[in-house]
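Per-entry structural report
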Amino acid sequence: CVHSGDLLVAASTPRFHPDVFLSGSEQAVRLLLDDPAGPLVDRVCRMTLAPGSVFKVVTAAALLDWPEFAPGESLFCQGYLKHPDVHRCAVFVRRGTGHGDITLADALCVSCNVYFFHHAGRMGAERLVDWAARFGFGQPTGVDLPGESPGILPTPANSESIAGHPWRTADTYATAIGQGSLTATPLQVARMMAALANGGRLVTPRVLARVGLTEQASDSADAASAEGEGHGIASPRPITGLNEAILRHLSEGLRRVVADPAG
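Now for a description of the structure that goes with this document. Values in this document were obtained by computation on a predicted structure and should not be read as measured data.

Digging into the nonpolar core
Ranked by size, the top nonpolar core spans 47 residues in total, and within it Val58, Tyr115, Phe116, Trp131, Phe135, Leu242 and Leu250 carry the most contacts. By residue number, the principal contributor to this core is helix 2 (residues 56-64), which donates 7 residues. Setting aside its immediate chain neighbours within four residues, phenylalanine 116 contacts Lys56, Thr59, Ala60, Leu63, Leu104, Ala107, Leu108, Gly121, Ala176 and Ile177.

A short note on helix 8 (residues 169-176)
Taken across its 8 residues, helix 8 has 6 buried, putting it largely inside the fold. Inspection of helix 8 places Asp171, Thr172, Tyr173, Ala174, Thr175 and Ala176 among the buried residues, and these make up the whole buried set. Buried residues in helix 8 make contact with helix 2, helix 5 (113-123), helix 6 (125-134) and helix 7 (159-163). Just downstream of helix 8 lies glycine 178, where phi reads positive at about 75°.

With respect to the packing of helix 2 against helix 6
At their nearest, the axes of helix 2 and helix 6 sit 9 Å apart, and the two run at 120° to each other. On the basis of the axis angle, helix 2 is oblique to helix 6. The hand of the helix 2/helix 6 crossing is right-handed. In this structure, helix 2 uses Val58, Thr59, Ala61 and Ala62 to contact helix 6, whose residues at the interface are Arg127, Leu128, Trp131 and Ala132. Across the contact of helix 2 with helix 6, the residue classes tally to 6 nonpolar, 1 polar and 1 charged.

A closer look at helix 11 (residues 244-259)
Counted at 1.5 Å a residue, the expected span for helix 11 with its 16 residues is 22 Å, and the 22 Å between its end C-alpha atoms agrees. Within the span of helix 11, buried status applies to Ile246, Leu247, Leu250, Gly253 and Arg256. Close packing links the buried residues of helix 11 with helix 2, helix 4 (104-110), helix 6 and helix 9 (186-197). Where helix 11 begins, the side chain of asparagine 243 points an oxygen toward the backbone nitrogen of alanine 245, at a separation of 3.2 Å.

A closer look at the environment of alanine 125
Among the secondary structure elements, alanine 125 is positioned in helix 6. Since its relative accessible area comes to 6%, alanine 125 is described here as buried.

Description of the layout of surface pockets
There is about 350 Å³ of room inside the largest pocket. Considering the residues around the largest pocket, the lining is formed by 21 residues, among which Lys56, Leu108, Cys109, Val110 and Ser111 are closest to the centre. Those elements that place two or more of their residues in the lining of the largest pocket are helix 2, helix 3 (90-95), helix 4 and helix 11. Per element, the largest residue contribution to the lining of the largest pocket is 4 residues, and it comes from helix 3. Here the second largest pocket is characterised by a volume of approximately 170 Å³. Lining the second largest pocket are 14 residues, with Cys1, Asp6, Leu7, Ala190 and Ala194 positioned closest to its centre. Looking at side-chain class alone, the lining of the second largest pocket contains 11 nonpolar, 1 polar and 2 charged residues.

Calculation notes
Residues numbered from 1 in each chain as written. Predicted model: local features only at pLDDT ≥ 70, side-chain atom pairs only at ≥ 80, totals over all residues. Heavy atoms only, no water. Core = buried A, V, L, I, M, F, W, Y, C linked by side-chain atoms within 4.5 Å. Buried < 20%, exposed > 50% of the residue type's maximum accessible area, 1.4 Å probe, protein only. Helix = DSSP H or I, 4+ residues; strand = E, 2+ residues; numbered from the N terminus. Contact = heavy atoms within 4.5 Å. Axes fitted to C-alpha atoms, helices over the stretch in contact; angles between N-to-C directions. Parallel < 35°, antiparallel > 145°, perpendicular 65-115°, else oblique. Left-handed = near helix turned anticlockwise from the far one by under 90°. Nonpolar A, V, L, I, M, F, W, Y, C, P; charged D, E, K, R; others polar. Expected span 1.5 Å × (residues − 1). Polar contact = N/O pair within 3.5 Å; in protein donor to acceptor, adjacent residues only side chain to side chain. 1 Å grid on protein atoms, 1.4 Å probe; cavity = no way out; pocket = protein on both sides within 12 Å on 5 of 7 lines; lining within 4 Å. Points joined across faces, edges and corners; volume = space filled by probe spheres on them.

Remember that the coordinates give geometry; whether it matters functionally is a separate question.
The structure is reproduced here in structure tokens:
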């Protein structure tokens, strides 16, 4: 639920049958533990990987908060930023063409790498990584599951330790489209999208609805549990700077991702 953080559905693959641990077969358990596919790893909150283009909404939010950025101003996408062999759009790799003149809403709709390379390069890394932190990247979500990974949010300050070199403009480009050293869990990405849908609040995900309540529990106890009281679930908190104007621009671009024929 985008408003409460309740995890209504979560799936991880490859699957395994929990009866293995009740069967008493040491060999069966050992096969699970040694499986290189890692079926016991919860992909929801422990697997981290580059989020990719879904991260462009964070870059867009950072740009919209930057006074020098004009979301309605067109940029011509030739398919690549400066050289045809690097910093390209997927459409250029596939078809040898670019997106043409595009605005921010267009860039979100068609997932234009060049647009975000160009503007993130102008804006700089500091505002970009600051907004990523506001959306919770590089931090645990606080979900009530064990072993959650915080992912990695690369910054100019930690680039040397994470990537082995000082921060470069190329790192800004990569981060702007959710690549490079940036990693996140599927749960962090889901929480990011929930914030865009609920008016700009960062929720704390949870799988646990209540503890120790029976069918005879009072209505007041049920209500308290539903709000997360009594078992440490933090209330949703507003994302600093994510105002109605920014949300409106982001929502328009994301609506077009699914409603526009070019999306």
